[in-house]
Amino acid sequence: MKQYINDNWYFTPNYTDELLNSNLNNLQVVAVRLPHTVKELPYNYCNEKDYQMVSGYAYELYAPNNWEGKYVGITFLAAGHEAEVYLNGECIGKHSSGYTAFTLELKNLKYEEKNRIVVKLDSRESLNIPPFGNVIDYLTYGGLYRGVYIEVKELSRLTDVYLYGNMEGKLNIEVSGVNTDGCGVQIDVLDNDNVVASIKDTYKRNYELQVNNVKLWDIDNPNLYNVSVKLLNGSELVDEIEDRVGFREIKFVADGFYLNNKKIKIRGLNRHQSWPYMGYAAPERAQKLDADILKYELGCNAVRTSHYPQSKGFIERCDEIGLLVFTEIPGWQHIGNEEWKKQAIKNTEEMILQYRNHPSIFIWGVRINESLDDDEFYTKTNELAHSLDATRPTGGVRYIKKSHLLEDVYTYNDFFHNGTNAGCESKKNVTPDMNKGYLITENNGHMFPTKPFDWEKKRLEHALRHARVINDVAHHSDIAGHFNWCMFDYNTHKDFGSGDRICYHGVMDMFRNPKLAASVFAAEGLETPVLAVSSSMDIGEHPAGSIGDIYAFTNADEVALYKNDEFVGKYTASSDYKDMKHGPVCVDDTIGCLLEVNEGLDKKTADDVKKVLLSVAKHGLGAMPLNTMLTAAKLMTLKHFSFAQATELYGKYVSNWGGKLTTWKFVAIKDGKEVATVIKGAVDSIHLDVRIDTNELIENESWDMATIRIRMLDNYGNVIPYGSHVVSIETEGVVEVVGPKHISLIGGQCGTYVRTTGKEGSATVRIKVEGVDEITIPLTVKKDNN
């Protein structure tokens, strides 16, 4: 059984050998709980040098007498980035990857007393290991950021179980162990609590079981079976490994991706494993929340763990909800020397051995992201991947066309789209082998960074660029799918971003609040009603007061528009996005509809009037005098309109400058029923709105954390896009705030986090903004002693 030891660690940002055996009370150390980051950073304008250090962690492990004569191992789920581990002053091992777990045996323990475990942790980016060696477009942080556990076992023990179940219900089990002579093995496959297949045999390497009437794992019904593998000495239980398996088959072929012989268009986003303030050091609940956001808020069916293996908690949640995962070895463009490459090969091995039982993982990334060809190096990573897992294809993300394809799938970062051209390149223009699968792994991102508080036309273009990619990939039947860049904004190095150490590449902000582009994914992938409107409909937001084309993003059949409760018209998805399931709806003819309804014009005359009025708006009053344009129009096509009438129409239907504010209502209609409504009008009042992922926090393996997403809404329920109010967060009881207690709204939204402190009880969080009613959030904290 795993015994987590995430409490009562001691940390110093400046490692010295005194930590190995000196009295901790005499050292400058602080008590910390894992997951832990070596340095909390500000939201923006942070400095990557602040987390680059050689730090130290110390833990006092009490070893009872009944551990003597047994195997005792310690597992670090992640240590960023190079860890030397000491037991009672003696170095027992070194690990040189910050993104995979490692286990060391604790030999020569002193029983019935405390044993000093020390980790000398180097988080400097000068290390000669991946991903380091050149610039990197993301922060790498540092710390024991995933947790640590102890296992005590008999000397005869299991070390690994590899599971693979196919569509016919055949389960292959590969068992590894030590000191297993004379032992037996019992394997049980359970559907919930019901044993559906079982075998009892002498210990050997491979077993096969048949599950009848098997329920397959797929993206809509991610059925999972529990598997128990017991090592027996006669009838006595010696050791046990429990895991889960999903029965499914995956393949890439020339015309795309197939899951259980069903063709699926992959539609996903890239994800970093970072958060504001704490970097990588977020607990399991937050990891799982990201998976839920991708599936249930963004409507994705896949995620790429760019650019490294990520938390087991995140991957486990992907297994549970049917979210496909592309995971890859650590790295970003740079390939180092032979020592560096050896570590990358070791990273490949660790990634596959540690993650291959997860049915959600459908491809291994065995190249350094966006690196150049290196056939000798990548032949080794590719062959190693196939030797450790023959059931999954390999890929390797590159940004170059027609590169050497050693892997099974050509995975390519396609930044072809610039806003004026196709959303993607055709497969034949990119891959050297049309008979193999082809998958787009990045697009957009740095091509059009967009902040939550940018001008609404830029936020709209950001959304439309993502829509164009989705549409055009859908059009190409031989492209397996796409991962757009990226899920959320993230902190980066000085060499990238917007000067404030943030890459504003996400469809969400760093707190996981949606930008407009998020609604493109939501509308395309969700069944629950979605309706988002691109404009606030405020004329002062636009040159010459002309709002121009606006867009609605919805999964409904059509959108009805009302102006001051007068029906204007109904609109359906634009023909420019005909290959999307639910393309953007362009509300592009409000003027023509209103001219017909309000002025009694026939459609031809209304269209002529609209063209003239829009021409005026486009050229502006300074570049083309109003009387010149309207007089010319009157002489050419509108002979029955006076100049005064034409001027009035311009003010009424295009500019509205000097007129009263209009209230607009957008209604999404599906199957003839109204399913969602958005109203845009005068902001007469504002109020806070918060979304918290849980009101019950549970301390089990470590501290727990609630994610609170904060929005300021107007009286119609719209986010106020330029809200920058100061938000104060206060806590009472057994929780504390992660990060600052006073933050500003960014584009009308922000967020905060509260974590447990090791105590049970009740707590309260208060969210305050001056002049606005505060929000009080009750919390309960429990301990799970199991």
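The structure displayed is predicted, hence computed values, not measured ones.

Draft legend 1. Expanded view of the side chain of Asn718. When you line up the elements, Asn718 lands in the loop between strand S40 (705–714) and strand S41 (726–733). Residue Asn718 is classed as buried on the basis of its relative accessible area, which comes to 11%. A polar side-chain atom of Asn718 sits 2.7 Å from the main-chain carbonyl oxygen of Ile679. When residues no more than four places from it in sequence are discounted, the contact partners of Asn718 are Val678, Ile679, Lys680, Met712 and Leu713.

Draft legend 2. Representation of the pattern of salt bridges within the structure. Taken as a whole and judged by the stated rule, the model has 47 salt bridges. With its nearest N and O atoms 3.7 Å apart, the salt bridge here joins Glu154 to Lys70. Taken together, the residues Glu154 in the loop between strand S10 (148–153) and strand S11 (157–165) and Lys70 in the loop between strand S4 (54–63) and strand S5 (71–76) connect sequence positions 84 residues apart. Several salt bridges converge on common partners, so that one network encompasses Glu730, Glu732, Arg766, Lys768 and Glu774.

Draft legend 3. How the structure looks around unusual backbone geometry. Put simply, Leu34 and Pro35 share a cis peptide bond, and its omega is 0 degrees. Tracing the backbone shows Pro35 in the loop between strand S3 (30–32) and S4. With an omega of -5 degrees, the peptide bond between Trp485 and Cys486 qualifies as cis. With respect to the helices and strands, Cys486 occurs in the loop between strand S28 (481–484) and strand S29 (490–491). Even without a glycine there, the phi angle at Asn213 is positive, about 50 degrees.

Draft legend 4. Quick look at the environment of Pro130. Mapping Pro130 onto the fold places it in the loop between strand S9 (113–122) and S10. Between the C-alpha atom of Pro130 and that of Glu558, which follows or precedes it by 428 residues, the distance is 50 Å. When near neighbours in sequence (up to four residues on either side) are disregarded, Pro130 contacts Pro330, Trp340, Gln343, Ala344 and Asn347.

Thresholds, definitions, all that
Residues numbered from 1 in each chain as written. Predicted model: local features only at pLDDT ≥ 70, side-chain atom pairs only at ≥ 80, totals over all residues. Heavy atoms only, no water. Helix = DSSP H or I, 4+ residues; strand = E, 2+ residues; numbered from the N terminus. Buried < 20%, exposed > 50% of the residue type's maximum accessible area, 1.4 Å probe, protein only. Polar contact = N/O pair within 3.5 Å; in protein donor to acceptor, adjacent residues only side chain to side chain. Contact = heavy atoms within 4.5 Å. Salt bridge = Lys/Arg side-chain N within 4 Å of Asp/Glu carboxyl O.

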